[in-house]
Amino acid sequence: MKKLMTILVVFALCGVAMAYEPYNLKMETDNWGRQQKTTYVYTNGEGTTGLTYTVEKSKTFGNGQPDANGVNYQRYTGQVYFTTTTAVPEGKTLAVQFLGAEVEKGNASYDWWGNPTNGYDPNYRVKDYGIYLYNPETGERTSDYLSVQNYSNYFGEEAGVKAGTSFGVYFVDKDGNYIASTGDGGHWSKRYSDVFKNEENGIVGNFDDNNHTLTVYNPETGKKEEKVTDKHFLCLSAGEYGYYSSFNQTHWEFMLQTTLDNPYFPVNPNDFNDDVHVDDPVVDGVTGQPLPGTLATLLIGGLCAGSLRKRNKKH
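Given the structure is predicted, the values throughout are model-derived calculations rather than measurements.

Peer 1: Can you walk me through the packing of aromatic side chains in this structure?
Peer 2: Each aromatic ring pair is described using two quantities: the centre-to-centre distance and the angle formed by the ring planes. Summed over the entire model, instances satisfying the criterion amount to 21 aromatic pairs. Both rings, one in Tyr 42 and one in Phe 82, keep their centres 5.4 Å apart while their planes meet at 90 degrees; by these two values the pair is edge-to-face. In this pair, Tyr 42 sits in strand E3 (residues 38–42) while Phe 82 sits in strand E5 (residues 75–84), placing the two residues 40 residues apart along the sequence. Accessibility assignment for this pair places Tyr 42 and Phe 82 in one class, buried. Ring plane angle 80 degrees and centroid distance 4.9 Å describe the contact between Phe 98 and Tyr 129, whose orientation is recorded as edge-to-face. Of the two residues, Phe 98 sits in strand E6 (residues 96–104) while Tyr 129 sits in strand E9 (residues 126–135), which places them 31 residues apart along the sequence. Of the two residues, Phe 98 and Tyr 129, both sit in the buried class. The ring of Tyr 145 carries the charged tip of Arg 141 above its face, separated from the ring centre by 4.2 Å.

Peer 1: Just to check I follow, could you spell out the confidence of the model for the protein chain for this structure?
Peer 2: Detailed reading of the predicted model is not advised wherever pLDDT is low. For the protein chain, per-residue confidence averages 76 on the pLDDT scale, and residues scoring 70 or more make up 67% of the total. Strand E11 (residues 146–147) holds the highest mean pLDDT among the elements of the protein chain, 98, whereas helix H1 (residues 2–17) holds the lowest, 32. Confidence drops under a pLDDT of 50 for residues 240–244, and excluding neighbours within four residues, the segment shows 18 contacts in the predicted structure. Overall, residues 287–315 carries pLDDT values under 50, and its contacts beyond four positions in sequence, including any with other chains, amount to 61 contacts.

Peer 1: What am I meant to see in unusual backbone geometry here?
Peer 2: For residues other than glycine, phi is negative in most cases, and the peptide bonds are mostly trans. Of note, the amide linkage connecting Asn 262 to Pro 263 takes the cis form, showing an omega dihedral of 10 degrees. Structurally, the position occupied by Pro 263 is in the loop between strand E18 (251–258) and helix H2 (294–305). Located in the positive-phi region is Lys 57, a residue other than glycine, with phi close to 50 degrees. Structurally, the position occupied by Lys 57 is in strand E4 (residues 51–61). In this structure, Asp 280 takes a positive phi of about 50 degrees despite not being glycine.

Peer 1: Any chance you could explain the nonpolar core here in plain terms?
Peer 2: Across soluble globular proteins, you tend to see nonpolar side chains buried next to one another. Counting 46 residues, the largest nonpolar core has Phe 82, Phe 98, Tyr 129, Val 169, Trp 252 and Leu 256 as its most contacted members. It is E6 that contributes the most residues to this core, 5 residues altogether. The residues touching Tyr 129, leaving out its near neighbours within four places in the chain, are Phe 98, Ala 101, Leu 146, Ser 147, Val 148, Tyr 170, Phe 171, Trp 252, Pro 269, Phe 272, Asp 274 and Val 276.

Peer 1: Would you take a moment to explain the pairing of strand E12 (residues 166–173) for this structure?
Peer 2: Across a regular strand the side chains alternate sides, sitting on one face of the sheet and then on the other. In terms of burial, E12 is largely enclosed, as 8 of its 8 residues are buried. Going residue by residue along E12, you find Ser 166, Gly 168, Tyr 170 and Val 172 tucked away on one face and Phe 167, Val 169, Phe 171 and Asp 173 tucked away on the opposite face as well. Pairing geometry for E5 and E12, over 2 bridges, is antiparallel. Among the inter-strand pairings, Phe 82 is bridged to a residue of E12, identified as Phe 167. Alignment of E9 against E12, held across 7 bridges, turns out to be antiparallel. From the neighbouring strand, Tyr 129 faces E12, where its bridge partner is Phe 171. Pairing of E12 with strand E13 (residues 178–180) involves 3 bridges; the strand directions are antiparallel.

Peer 1: Explain the environment of Tyr 134 to me, please; I cannot follow it from the model alone.
Peer 2: Here Tyr 134 shows up in strand E9. Residue Tyr 134 is classed as buried on the basis of its relative accessible area, which comes to 6%. In the structure, Tyr 134 is positioned 31 residues away from Thr 165 in sequence and 8.1 Å away in space, judged by C-alpha atoms. Apart from the residues within four sequence positions on either side, Tyr 134 is in contact with Glu 56, Tyr 81, Gly 139, Glu 140, Arg 141, Thr 142, Ser 166, Phe 167, Gly 168 and Thr 182.

Peer 1: Which parts of the structure should I look at to understand the pairing of strand E15 (residues 212–217)?
Peer 2: Across the 6 residues that make up E15, a large majority, 5, are buried. Sheet topology places E15 next to strand E16 (residues 224–229); 6 bridges connect them, and they run antiparallel. Within the sheet, the bridge partner assigned to Thr 213 lies in E16 and is Val 228. Counting the residues in the hairpin turn of E15 and E16 gives 6 residues, including Gly 222, whose phi is positive at 75 degrees.

Peer 1: Looking at this structure, I do not really get the pattern of salt bridges. What am I missing?
Peer 2: Proximity of charged atoms lets side chains of opposite charge pair with each other. Under the counting rule described, the total for this entry stands at 5 salt bridges. Residues Asp 30 and Arg 34 are paired through a salt bridge, measuring 2.8 Å at the closest nitrogen-oxygen approach. For Asp 30, a relative accessible area of 19% gives the class buried. The salt bridge partner of Lys 227 is Glu 225, with a shortest N-O separation of 3.3 Å.

How each quantity is defined
- Here the residue index of a chain counts from 1 through its sequence in written order.
- Totals for whole chains, interfaces and linings use every residue, but because this is a predicted model, local features are given only for residues with pLDDT of at least 70 and side-chain atom pairs only at 80 or more, for both listing and counting.
- Each side-chain value is worked out from all heavy atoms of the structure, with water and hydrogens disregarded.
- Between 30 and 60 degrees the pair is tilted, below 30 it is stacked and above 60 it is edge-to-face, where a pair is any two Phe, Tyr or Trp rings, Trp via its six-membered ring, whose centres lie within 6.5 Å.
- Helix and strand definitions follow DSSP, with helices as H or I runs of at least four residues and strands as E runs of at least two, each counted in order from the N terminus.
- Only protein chains enter the accessibility calculation, which uses a 1.4 Å probe. A residue is then buried if its area is under 20% of the maximum for its type, exposed if over 50%, and partly exposed in between.
- Charge-over-ring contacts are defined here by two conditions on Lys NZ or Arg CZ: a distance within 6 Å of the ring centre and an angle within 35 degrees of the ring normal.
- Per residue, pLDDT measures the predictor's confidence, with a range of 0 to 100.
- Throughout, a residue-residue contact means that at least one pair of heavy atoms, one from each residue, lies within 4.5 Å.
- In these notes, a set of buried Ala, Val, Leu, Ile, Met, Phe, Trp, Tyr and Cys residues joined through side-chain atoms within 4.5 Å is what counts as a nonpolar core.
- Only strands joined by at least two bridges in the DSSP assignment are considered to pair.
- Throughout this description, the term salt bridge denotes a Lys or Arg side-chain nitrogen within 4 Å of a carboxyl oxygen of Asp or Glu.

See below:
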């Protein structure tokens, strides 16, 4: 009977896990049809979270009709910033971490001379990434770019992250350009200008349809375990300097967590599918012992999505 109940629970949770949708980047409108900045709960799975995310300057992409594969490509792009919870339990430490980060290279196609086209860049590199503090009232960055390397993938009080702190996410491409989640996306006229390198260009999209394999650590044994999450990453790109078609091209994707999240995932950023190395990363940032059921949740997620390990490339 216990085995039967376990199987039923697993199948029930599989149905939930496989129903995940991309993060909502649609903005609400007022009575006059004007867009209003919109805040959503940010979570990397089921359970409680220590973050919200707010969308500004949202734009639509696609007509909402399914393609030949039955996939709806009405997606959204916009400026996005995150805010930590103000409800920090007594005795708990609040910090933000990257749960995953990777380059999405899309589908390759080549011209007659063997050169890659359609924005596919086999030499694409990310030199650095991290967060920066942000003032939603002024729309301005209020700190330096805080590198994941310098902060060991642990952005807490030392980085200025406290209860109710807002921040953006950025990465640095191989040419030294800073691509930021609250950027204006740039403009084609800046493509050949040095001005481009000094501005917060960037645009966020919800074009990720893939499941992702996360390398996590068992806090009891310290050993690595691969788990699959069907929760999608957010996409960040400059691409063709901000146009939403840039997400058909090579771009960067990420997922966040906080030390208050339940479940919490002990991770090492050097296990990410990324080019950035972090010295002495904080693998387990939880204050005290991991919350009960974390590994069980991960295991069930892995069982649910095990058949989905093969990534289906979008576009």
